[in-house]
Amino acid sequence: MIPPESAAARRSSPEGATRSGRPGAARTAAVRIRVTGVVQGVGFRPFVWRLARELALAGWVRNDAAGVEIVAEGPAAELERLAERLRREAPPLARVDAVEVSGAHPAGHRDFVIAESGAGRVATAIGHDTGVCAECLAELFDPAGRRWRHAFITCTHCGPRYTVTRRLPYDRPQTSLAPFPLCPDCEREYAQPADRRFHAETTCCPRCGPRLELLDAQGRPIEGDAIAATLTLLQGGAIVAIKGLGGFHLVCDARDAAAVARLRERKAREEKPFAIMAANAASLDALAEAGAAERDKLESRERPIVLLRKRAGADAALPGIAPGLAWLGAMLPDTPVQWLLFHEAAGRPQGTGWLASPQPLLLVMTSANPGGEPLVIDNAEARRRLAGIADAFLMHDRDIVVRCDDSVVRASATGLQAIRRARAYTPRAIRLARAAAPVLALGGWYKNTICVTRGDEAFVSQHVGDLDNAATCGFLEETVAHLLHILDVEPTVIAHDLHPDFHSTRLAARLAAERGVPLVGVQHHHAHIAAVLAEHGVEEPALGLALDGVGLGRDGAAWGGELLRVAGANGRRLGHLPTLPLPGGDRAAREPWRMAAAALHLLGRGSEIAARYADQPGAATVAQMLAQRINCPETSSAGRWFDAAAGLLGVRRTMAFEGQAAMLLEGLAEAHGAAPPLPLPRGADGASDLLPLLAALADERDAGLAAAQFHATLATLLVEWMIETARREKIHTVALGGGCLLNRILAARLREGLQAAGLTALEARELPPNDGGLALGQAWIAQRSI
């Protein structure tokens, strides 16, 4: 049945969309349809137009602030088919959340048209950036086509969306393509309903689109074909800054050890792993294992960096790329410029058949963010900030509106796991179990993201980064302003971490005062568990195991190995890992040998510290600090237990980047293979004393065996602890959160142990389990606190 039309709906018809005249006996009914979700910038209006023409319906379709609005006239049966097919046959990039149908008064439309966009309060979502589609690739490599080697090829099924959009509704004047008016040929395609560029807002061609330009280190143009000259530079060992969708990349030949070493030196990135780009999955086969799930993500429209297990010999083939780690980050081309570099290296073959064969070219693709600051996005900014790093700059004149780093994911036994959520996944909404007042949550210090809720949707921003420099703090404020603006949300409450010194906490206080809304402080580990519960739509009480580096506890102590009972805004601490002293405070979190010294002290072997770590300045002083309990705050952090194990085994004395020691320890365990857990006594609160585990490792000469035993024993003890607590609390669901859950061995053992006991184990999937997902948990708790 088709419901009657309201007067308000009649008043909202766009001018010029109706046609007086020809009445028809077959057109006996009319409907007004509202479609919400990700329905702008994904070819939805052309899809509606073609569907309406196929069903012989008249009327119009348009974008507006709420999504897509449709008025259609025709036989009632065909109108019902239209509504049903809108959801079932939606374009591949669309996400249809709702199709709402109401009756309308027949206005005598003669045709079906795409009308001008309407205004109003924004209630829709913009689509995410996507990789080049198969049809555009075929054009890109067709010498007879007018878009042969066009570096900005796109259509309604692919290309930039979020990173070029200034505001909604999504129309060309609202994007950074506005300065590029369409040429007559592109205009015809844009207006031709049968063309896949029908109303493609980012479409262009070599005549009317942006222009590539290659500059040398002094900013002087390099003559000749920009793609061919760039490839020549790369093959000669140069480092080139290349402008992408969400920012610049620093690029070099991944097989050139000298170029990789220069890039590390110039970027001051001593040991943190680089990601590589290959033409196709087959080009990676000799270096890493890529199963069906990994290949699916590599070849997906999102084109994230995918972590692949290294094969033997990978480090020798790619010296300096990811030293000592078990995983290699790899991605396939995402933008036309990236595709053209591989096409050039292959000799400019015609068609796409060459992509079925392995290609020798491998490129380092690392974010152009010197000093850990935000991505470079502006051309002048690139020449200034990347001076002394890049030997050349491959740029263009299309503005990047939103900074957006590459996303990083890993395939697991339960599906995709996000490690860094950014380009192509932001700003997808996460559906919440229920609607609530809008909240702004500002995340934490490390791996910052923010979250804005609107109704029953949560929009988590792209990766912002660590708030340890002024530029990233500024990027955080820029991200808040943009996300609130593009979603047209005015928050009623602002949430933040309990730590008073975080820039995110201070910003929350300032924004709350400016807007006159309340502040909600959320304990760090409570937020970790809430993020997992929010993603899975869980409303009932659950246990939560939060394992991470550090977070301020409600008692002012450094927490990080917590077992919580979470019931909405209430997060009760049921227990924690045994504490370790932090000799030197925060410095101990960067120097695993200090955590190993703390373990030796607790084991009654403090006299060994000075000699065992004689290569470390201050080893004797640290031993005295531990003996006299001077500047040695206690922490229950799981991350510090990993550091202590790594320090005892000689895996790493000091760290070049956060989490390095634990990652190397995991790599050793992966290389060794499974080992049985060591038997340990149980503590009074159910958590085991882990010191006997470290005692067993302290003198073990086989670091691989010891690393495998550490993982197996820790996971076994944690599982036993959770099972006992779940039975006592009469709870059947356990959420696992915190940065330590990025450890594949630990996460898998915890999941398998809980499932074997009949418990439901929940893990982060769409968001990272680390601080990159913290803002969602803060928002979820804040919604339940007001």
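Going by the structure above, here's the rest.
Note that the structure is a prediction, hence the values are computed from the model and not measured.

(A) Expanded view of the overall build of the chain. Of the regular secondary structure elements, the chain holds 23 helices and 28 strands. Seen through its C-alpha atoms, the chain measures out along the principal axes to roughly 95 × 65 × 50 Å. Taking all 786 residues of the chain together, 61% fall into the buried category. Here the contacts in the chain between residues at least 6 apart in sequence split such that 73% fall between residues at least 24 apart. For the chain, the computed accessible surface area is about 28400 Å², with 52% contributed by carbon and sulfur atoms. For the chain, the distance from the average site of its 87 positive side-chain charges to the average site of its 88 negative ones is 2 Å.

(B) Examining the state of the cysteines more closely. Applying the stated criterion across every chain, the model contains zero disulfides. Cys208 forms no disulfide, and the closest cysteine sulfur to it belongs to Cys186, at a distance of 3.7 Å. Judged by relative accessible area, Cys208 falls into the buried class, the value being 9%.

(C) Seen up close, the pattern of salt bridges. Following the criterion strictly, the structure yields 64 salt bridges and no others. With a closest N to O distance of 3.6 Å, Arg166 and Asp399 form a salt bridge. Taken together, the residues span a long stretch of sequence, with Arg166 in the loop between α4 (134-140) and α5 (184-191) and Asp399 in the loop between β14 (392-396) and β15 (408-412) at a distance of 233 residues. The class of Asp399 is partly exposed, set by a relative accessible area of 42%.

(D) Focus on the sheet that holds strand β2 (residues 58-64). Read from one edge of the open sheet, five strands run β4-β1-β3-β2-β5, paired in mixed fashion. With partners counted over all chains shown, the strands left at the sheet margins are β4 (95-103) and β5 (112-114), one partner each. The sheet shows a mean angle of 15° between the axes of neighbouring strands, taken without regard to direction. Set on the sheet, helix α2 (residues 44-54) makes contact with β1 (29-38), β2, β3 (67-74), β4 and β5; between it and β5 the angle comes to about 175°.

(E) A look at the sheet that holds strand β19 (residues 451-460). Spatial strand order, β17-β19-β18-β20-β21: five strands in an open sheet with mixed pairing. With one partner strand each, in any of the chains shown, β17 (429-436) and β21 (519-522) form the two edges of the open sheet. Neighbour-to-neighbour, the strand axes of the sheet open up by a mean angle of 30°, direction not taken into account. As defined by bridge partners, strand β18 (residues 439-441) adjoins strand β20 (residues 493-497) across three bridges and the pair is classed as parallel. Paired with Leu440 across the two strands is Ile494, which belongs to β20. Across the face of the sheet, helix α12 (residues 470-487) comes into contact with β18 and β19 while running at roughly 155° to β19. Along the sheet face, helix α14 (residues 524-536) touches β17, β20 and β21 and points at about 95° away from the line of β17.

(F) Quick peek at the pairing of β1. Counting buried residues in β1 gives nine out of 10 residues, a clear majority hidden from the surface. Pairing of β1 with β3 involves seven bridges; the strand directions are antiparallel. In the sheet register, Ile33 faces β3, and the bridge partner there is Ile70. Two elements, β1 and β4, share eight bridges in a ladder whose sense is antiparallel. Bridge pairing in β4 places Ile33 opposite Val101.

(G) Structural view of the packing of α12 against helix α13 (residues 503-515). It is at 11 Å that the axes of α12 and α13 come closest, and there the two elements cross at 40°. Judged by the inter-axis angle, α12 sits oblique to α13. You can see that α12 and α13 cross each other, and the crossing is right-handed. Residues Cys473, Leu476, Glu477, Val480 and Leu484 of α12 touch α13, and the partners they reach there are His503, Ser504, Leu507, Arg510, Leu511 and Arg515. Residues of the contact of α12 with α13, tallied by class, amount to six nonpolar, two polar and three charged.

(H) Molecular detail of the side chain of Glu591. Mapped onto the elements of the fold, Glu591 is located in the loop between β25 (580-581) and α15 (592-602). Look at Glu591 and you get buried, because its relative accessible area is 13%. In contact with Glu591, other than residues within four places in its own chain, are Arg653 and Thr654.

(I) Representation of the nonpolar core in the model. In this structure, Leu547 and Leu750 are the most contacted members of the largest nonpolar core, which totals 72 residues. When near neighbours in sequence (up to four residues on either side) are disregarded, Leu547 contacts Gly560, Gly561, Leu577, Ala638, Leu718, Gly737, Gly738, Gly739, Cys740, Leu741, Leu746 and Leu750. With 50 residues, the next largest nonpolar core counts Cys133, Cys204, Phe342 and Leu363 among its residues.

(J) Spotlight on the packing of aromatic side chains. All chains considered together, the criterion is met by six aromatic pairs. A centroid spacing of 5.9 Å and a plane angle of 40° characterise the contact between Trp593 and Tyr613, whose relative ring orientation is tilted. A residue pair is termed long-range when its members are at least 10 positions apart, and Trp593 in helix α15 and Tyr613 in the loop between α16 (609-612) and α17 (619-628) qualify at 20 residues. Per residue, the accessibility class of Trp593 equals that of Tyr613, and both read buried. Taken together, a centroid distance of 5.1 Å and an interplanar angle of 80° make the contact between Phe642 and Phe710 edge-to-face. Here Phe710 lies in helix α21 (residues 703-729) and Phe642 lies in helix α18 (residues 638-648), a separation of 68 residues in the sequence. Across from the ring centre of Phe274, 4.2 Å away, lies the NZ or CZ of Arg264, which sits over that ring. Its guanidinium or amino end placed over the ring of Trp559, Arg573 lies 3.8 Å from that ring's centre, counting from NZ or CZ.

(K) The arrangement of the pairing of β15 in detail. Of all five residues in β15, four are buried; the element is thus mostly enclosed. Note that strand β11 (residues 305-310) and β15 share two bridges and pair parallel. Pairing of Ile305 across the sheet is with Val408, part of β15. Sheet analysis places β15 next to strand β16 (residues 415-420), joined by five bridges and oriented antiparallel. In the sheet register, Val408 faces β16, and the bridge partner there is Arg420. Linkage of β15 to β16, two consecutive antiparallel strands, is achieved through a turn of two residues.

Criteria and cut-off values
Residues numbered from 1 in each chain as written. Predicted model: local features only at pLDDT ≥ 70, side-chain atom pairs only at ≥ 80, totals over all residues. Heavy atoms only, no water. Helix = DSSP H or I, 4+ residues; strand = E, 2+ residues; numbered from the N terminus. Buried < 20%, exposed > 50% of the residue type's maximum accessible area, 1.4 Å probe, protein only. Contact = heavy atoms within 4.5 Å. Areas by Shrake-Rupley, 256 points an atom, 1.4 Å probe, with all protein chains shown as cover. Lys, Arg positive; Asp, Glu negative; His and termini not counted. Charge placed at Lys NZ, Arg CZ, Asp CG, Glu CD. Disulfide = S-S within 2.5 Å. Salt bridge = Lys/Arg side-chain N within 4 Å of Asp/Glu carboxyl O. Pairing = 2+ DSSP bridges. Axes fitted to C-alpha atoms, helices over the stretch in contact; angles between N-to-C directions. Parallel < 35°, antiparallel > 145°, perpendicular 65-115°, else oblique. Left-handed = near helix turned anticlockwise from the far one by under 90°. Nonpolar A, V, L, I, M, F, W, Y, C, P; charged D, E, K, R; others polar. Core = buried A, V, L, I, M, F, W, Y, C linked by side-chain atoms within 4.5 Å. Phe/Tyr/Trp six-rings, centres within 6.5 Å; stacked < 30°, edge-to-face > 60°. Lys NZ or Arg CZ within 6 Å of the ring centre and 35° of its normal.

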